[in-house]
Each structure stands twice: as structure tokens, then as C-alpha cells.
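Here are the chains, one letter per residue:
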Amino acid sequence: MSDLHVRLMGVACARGGRMLFRHVDLTAEPGQAVLLHGPNGIGKSSLLRICAGLLPAYAGSVERQGKIALVDERLALDGELPLRKALAFWAHIDGVGPDRLDAALEAMALAPLAKLPVRMLSTGQRKGAALARVIASGADIWLLDEPANGLDDASLELLGAAVEAHRGRGGILIAASHQPLPMAMTGGVDLAAHAAEDA
């Protein structure tokens, strides 16, 4: 992971013909956690998607090195499958074995729900399942969009512990949130300070 990084220089984002933000600089290196914050609609989710390479920057440059896993508002799990089987689909794509998947279920206290269909999970359990998918992935860079939404206090603590373990292994976290997160952040970007004048 020595070459691992995410770097944004002078990045701007336009969506739907509207400029959201300009001149965003961001650097994340091994062991670091960066918080993207600002009001709803300012472009936090779009900036995460730019970091992931799923959305092109309108201007500026983006460099990333390392395997990336993203959690956003979409669950990306088959609702008809039992939870473990739905997660195993992604584990197979990520090239990780059953031990890592089982450890991820344990990390988010979801092992007792492994045989329950995804559609029967509560909102908080679904968010936990999405986070377990990222934990199991073995990705170097975690991009988490509003990871605390729907989580109870116990699940928030589990998320914090998973993030700290990830960072302890040299991983990177970039999280977008409008509420406090259960982990220390080493940097931050306030998108309100970069809002386009015509936004």
C-alpha cells in the first residue's frame, strides 16, 4: 500500500447544467481519514463519486492509487437472497474468501442475520450490510456516503472500530457526512466554502 493515495487538485463539479463547487483540493494518504461536509445538495456525494472514478470532474485533476470500495444510498444487494449469499456475490467479484466475508458480518454484528433475506432487514441493518460489503472487499480506499445514517449507537461503535482497524492497516477513508462520525478524522473539506457563485 506504499503508493496508496487519493489526490484532487482544483476539482470542479457540474451536475444537470449547474455548477456545484469549484477549486477543491484534497489529499488522502495511508492511515488518513478525510471528512467531506456541508449542507444537503452541495455535492458531497458527487465528490465521492469523482474520487471513485464514477463521475468525471468538470475541471481539475484526480489521481487515485489503490483498490476502492464505495457505499452510497444504493444498497447494491439482491433483496431476495439471504444476506450472506447476497454479500458472497460481491466477495466473489472482489476475489475474497468466505473467512473475510464472515469476519465482516461479525464486524457489523450481522452474523445472526446471515440467512435472513435482505428485503427483511431494517434500515439500519441494510446500512450495516452495505458497510460489511466494504469491510469484506479488502479495498485500500473506503468511500462512505453518510455512513452513520440509520445506525444505532452500538452499530456506530462497530463502524468506528472497523474504520480504525482499516486505517491501522494503512487504509484510507473518505467519508461524506452531515452528522458526527464515531472516528477521528485527520482532515476535512467544507464544500460550502467551495460552492460555485452561481449555485
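Residues numbered from 1 in each chain as written. Predicted model: local features only at pLDDT ≥ 70, side-chain atom pairs only at ≥ 80, totals over all residues. Heavy atoms only, no water.

Colleague: Before we go on, may I ask you to explain the environment of Asp-78 in this structure?
Modeller: Along the chain, Asp-78 turns up in the loop between strand 5 (68-71) and helix 2 (83-94). Residues Asp-78 and Arg-119, 41 residues apart in the sequence, show an inter-C-alpha distance of 8.1 Å. Among the polar contacts made by the side chain of Asp-78, one reaches the main-chain amide nitrogen of Glu-80 at a distance of 2.9 Å. (Helix = DSSP H or I, 4+ residues; strand = E, 2+ residues; numbered from the N terminus. Polar contact = N/O pair within 3.5 Å; in protein donor to acceptor, adjacent residues only side chain to side chain.)

Colleague: Got a minute to help me understand the packing of aromatic side chains in this structure?
Modeller: By convention here, two paired aromatic rings are described through the distance between centres and the angle between planes. One pass over the structure, following the stated rule, counts one aromatic pair. With 5.3 Å between their ring centres and 85° between their planes, Phe-89 and Trp-90 make a pair best called edge-to-face. Among the residues examined, Phe-89 registers a relative accessible area of 47% and is labelled partly exposed. A relative accessible area of 26% means that Trp-90 is categorised as partly exposed. (Phe/Tyr/Trp six-rings, centres within 6.5 Å; stacked < 30°, edge-to-face > 60°. Buried < 20%, exposed > 50% of the residue type's maximum accessible area, 1.4 Å probe, protein only.)

Colleague: So what exactly am I meant to see when it comes to the nonpolar core here?
Modeller: Note on soluble globular proteins: their nonpolar side chains tend to be buried together. Ranked by size, the top nonpolar core spans 37 residues in total, and within it Leu-77, Leu-83, Trp-142, Leu-144 and Leu-173 carry the most contacts. Broken down by secondary-structure element, the contributors of at least two residues to this core are strand 5, helix 2, helix 3 (98-107), helix 4 (123-137), strand 6 (141-145), helix 5 (153-168) and strand 7 (172-176). Counting residues per element, this core draws most heavily on helix 4, at seven residues. If near-sequence neighbours (up to four positions away) are discounted, Leu-173 is found in contact with Gln-32, Ala-33, Val-34, Trp-142, Leu-144, Val-163, Met-183 and Met-185. (Core = buried A, V, L, I, M, F, W, Y, C linked by side-chain atoms within 4.5 Å. Contact = heavy atoms within 4.5 Å.)

Colleague: I tried to follow the sheet that holds strand 7 on my own but got confused; where do I start?
Modeller: Across a sheet, strands are paired by hydrogen bonds formed along the backbone, either parallel or antiparallel in direction. Spatially, 5-6-7-3-8 is the arrangement adopted by the five strands of the open sheet, whose pairing is parallel. Either end of the sheet is taken by a strand with one partner, and the two such strands are strand 5 and strand 8 (187-190). Looking at each pair of strands side by side, their axes are set apart by 15° on average, direction ignored. Taken together, the five bridges between strand 6 and strand 7 define a ladder with parallel strand orientation. Directly across from Trp-142, in strand 7, lies its bridge partner Leu-173. Packing of helix 1 (residues 44-52) onto the sheet brings it into contact with strand 3 (33-37), strand 5, strand 6 and strand 7, and relative to strand 6 it is tilted by some 160°. (Pairing = 2+ DSSP bridges. Axes fitted to C-alpha atoms, helices over the stretch in contact; angles between N-to-C directions.)

Colleague: For this particular structure, what's the right way to read the pattern of salt bridges?
Modeller: A side chain of one charge can pair with a side chain of the opposite charge if their charged atoms are brought near each other. According to the stated counting rule, one finds eight salt bridges in the structure shown. A salt bridge links Arg-74 to Asp-72; the shortest N-O distance between them is 2.3 Å. Of the residues examined, Arg-74 reaches a relative accessible area of 44% and is grouped as partly exposed. Asp-102 is the salt-bridge partner of Arg-84, the closest N and O atoms lying 2.8 Å from each other. You can see Arg-84 sitting in helix 2 and its partner Asp-102 sitting in helix 3, a full 18 residues away along the chain. Exposure remark for Asp-102: the relative accessible area of 31% places this residue in the partly exposed category. A cluster of three or more residues bridged by salt bridges with shared partners is formed by Arg-49, Asp-72, Glu-73 and Arg-74. (Salt bridge = Lys/Arg side-chain N within 4 Å of Asp/Glu carboxyl O.)

Colleague: Where do I start with helix 4 in this structure?
Modeller: Think of an α-helix as turning once every 3.6 residues; residues three or four places apart then point the same way. Between its first and last C-alpha atoms helix 4 spans 22 Å; for 15 residues at 1.5 Å apiece the expected length is 21 Å, and the two agree. Within helix 4, 12 of the 15 residues are buried, leaving the element largely enclosed by the surrounding structure. When we look at burial in helix 4, the residues that qualify are Gly-124, Lys-127, Gly-128, Ala-129, Ala-130, Leu-131, Ala-132, Arg-133, Val-134, Ile-135, Ala-136 and Ser-137. Contacts from the buried residues of helix 4 go to strand 5, helix 2, helix 3, strand 6 and helix 5. Just beyond helix 4, the residue with positive phi is Gly-138, at close to 75°. (Expected span 1.5 Å × (residues − 1).)

Colleague: How do you make sense of the packing of helix 2 against helix 3 when you look at a structure like this?
Modeller: Two packed helices can be described by the angle between their axes and the distance between those axes. Orientation of helix 2 relative to helix 3, taken along the N-to-C sense of each, is 130°, at an axis distance of 10 Å. By the angle between their directions, the pair helix 2 and helix 3 is classed as oblique. As for the relative orientation of helix 2 and helix 3, their crossing is right-handed in sense. Here helix 2 contributes Leu-83, Arg-84, Leu-87, Ala-88 and Ala-91 to the contact with helix 3, which in turn contributes Pro-98, Leu-101, Asp-102 and Leu-105. When the residues that make up the contact of helix 2 with helix 3 are grouped by side-chain class, the tally is seven nonpolar, no polar and two charged. (Parallel < 35°, antiparallel > 145°, perpendicular 65-115°, else oblique. Left-handed = near helix turned anticlockwise from the far one by under 90°. Nonpolar A, V, L, I, M, F, W, Y, C, P; charged D, E, K, R; others polar.)

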